[in-house]
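# Descriptive analysis of the structure
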Amino acid sequence: MPRPLCFVLMPFGRKTDPSSGQSLDFDAIYKRLIQPAIEAADLEPIRADEEQAGGIIHKPMFERLILCEYAVADLTAANANVYYELGVRHAVRPRSTVQIFAGGTRLPFDLGPLRGLPYAVDAAGVPQDADGDGAALTAALRSARQRHSDTDSPIFQLVDGMSPPDISRLKTDVFRQQVEYSAQQKARLAEARSRGEEAVREARDELGPLADLESGVAIDLLLSFRAVKAWREMIDLTEALPDPLARTVLVQEQYALALNRAGEGEKAERVLTDLLARRGPSSETYGLLGRVYKDRWQAARDAGREMQARGLLKKAVEAYLSGFETDWRDAYPGINAVTLMEQMEPPDARQQELLPVVTYAVQRRLAGGTPDYWDHATLLELAVLGRDRDAAADALGDALAAVRESWEPETTLRNLHLIRDARRDRGEETGWLDEIGEALEEAAGELPGGG
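Residues numbered from 1 in each chain as written. Predicted model: local features only at pLDDT ≥ 70, side-chain atom pairs only at ≥ 80, totals over all residues. Heavy atoms only, no water.

### Examining helix α17 (residues 373–385)
Here α17 is 13 residues long and its end C-alpha atoms lie 18 Å apart, about the 18 Å a rise of 1.5 Å per residue gives. With 11 of 13 residues buried, α17 is to be regarded as a mostly interior element. Taken together, the buried positions of α17 are occupied by Tyr 373, Asp 375, His 376, Ala 377, Thr 378, Leu 380, Glu 381, Leu 382, Ala 383, Val 384 and Leu 385. Regarding α17, its N-cap is Asp 372, as a side-chain oxygen of that residue lies 3.1 Å from the backbone nitrogen of Trp 374 further along. Phi turns positive one or two residues past the end of α17, at Arg 387, with a value near 60 degrees. (Helix = DSSP H or I, 4+ residues; strand = E, 2+ residues; numbered from the N terminus. Expected span 1.5 Å × (residues − 1). Buried < 20%, exposed > 50% of the residue type's maximum accessible area, 1.4 Å probe, protein only. Polar contact = N/O pair within 3.5 Å; in protein donor to acceptor, adjacent residues only side chain to side chain.)

### Details of the pairing of strand β1 (residues 5–9)
Counting buried positions over the five residues of β1 gives five, a clear majority of the element. Alternating positions in β1 separate into two faces, Leu 5, Phe 7 and Leu 9 on one and Cys 6 and Val 8 on the other, with burial throughout. Here β1 runs beside strand β4 (residues 44–47); their pairing, made up of four bridges, is parallel. Paired with Val 8 across the two strands is Arg 47, which belongs to β4. (Pairing = 2+ DSSP bridges.)

### Description of the confidence of the model for the protein chain
Per-residue confidence for the protein chain gives a mean pLDDT of 85, with 88% of residues at or over 70. The model gives residues 50–57 a pLDDT under 50, and that stretch makes 27 contacts with residues more than four places away or in other chains. (pLDDT = per-residue confidence, 0-100. Contact = heavy atoms within 4.5 Å.)

### Brief notes about the environment of Ser 282
Structurally, Ser 282 can be placed in the loop between α12 (265–279) and α13 (283–302). Distance in space between the C-alpha atoms of Ser 282 and Asp 327 is 7.7 Å, their sequence separation being 45 residues. If we ignore the near neighbours within four places in the chain, the residues touching Ser 282 are Glu 253, Leu 276 and Thr 326.

See the structure below:
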């Protein structure tokens, strides 16, 4: 018999709680605390951000809010989407919603009277006592499964005579089938990514009309094309998506990335500058804009257009710096800024001031216990910039063990070649950098989309 579904309403990624100033890793909170606790209560977890793109609220989201038998809402960080979704849930479900929040969170006045379970996080923003806090959440969910559990919706508590809507068994059965089908589609795309570009195209053709796809599946398809470097397919897919989904931040950023990789850098620049004008500063958006200028700088340099190249290099550095200054915890734009400063003649004096700051940003993420390829690759570049061969060798080994997609080591390799070439032009010995490059090139060639 299938387990009852439990919908998880929460932020995703790393966010800062405005009430406490604490930076929290919500992906780690979900994986280490919430998901295991739900499964221990014999429920099937579905996380909200797995079905969203850029915060867009759509039909499947409302279905999950209304039709999932149980829900967990993390109220930390005053996330507007979570609060809106909780309001929808409370309007239709008198009970079976459990609220949690990180210790130290100050809830808004209207939510203060509601009962909730606090959980502890450490300085890195990850669960401090996942077992103990998880056991408390499991107990609360088991209590909610009792036939006569207490009403937890303030609407049904305070408004006399309120009756919940009649949700037919037929509707809930159809809903469960949709959830299972969506999971099957995502599994199909994951399998296709491992086999390369043509397999992803075949999977796309099997999915049917775009208009019938859930947003989560459409985004998974977009990222699957990215994984195999099918840039034109990414562009075509974005331009065919329904407008509300196509205009989300996530999709627009990926659209610009694909445009740039397909050689349409000026159009990519327009997409990103328009996004910054509409949504405000973002380390991710500025990082992508820096990459656009960086690629155009290299093209101008290779074509011998020295004055244009100098101007584009400056724009690339400033875009990356703007991204790093927007969020000092995001090392990606920071490492690109200091790497490009190496290309200037003489190297930009700000580089030496920024190197320890970027290093600290990476070290804080590593302390959070959820490092990925880019964390290790960033340490590799920092070690190279600092001329520390031993640290570079250690970081290279960690990076190679964390590679997921071929374009990751290829990107690092391009950056290291920039550093190598600039130093070679200054007469420095760079043989050890060639050895690192060979290892990255070999790793890229072993993955789908590589070679």
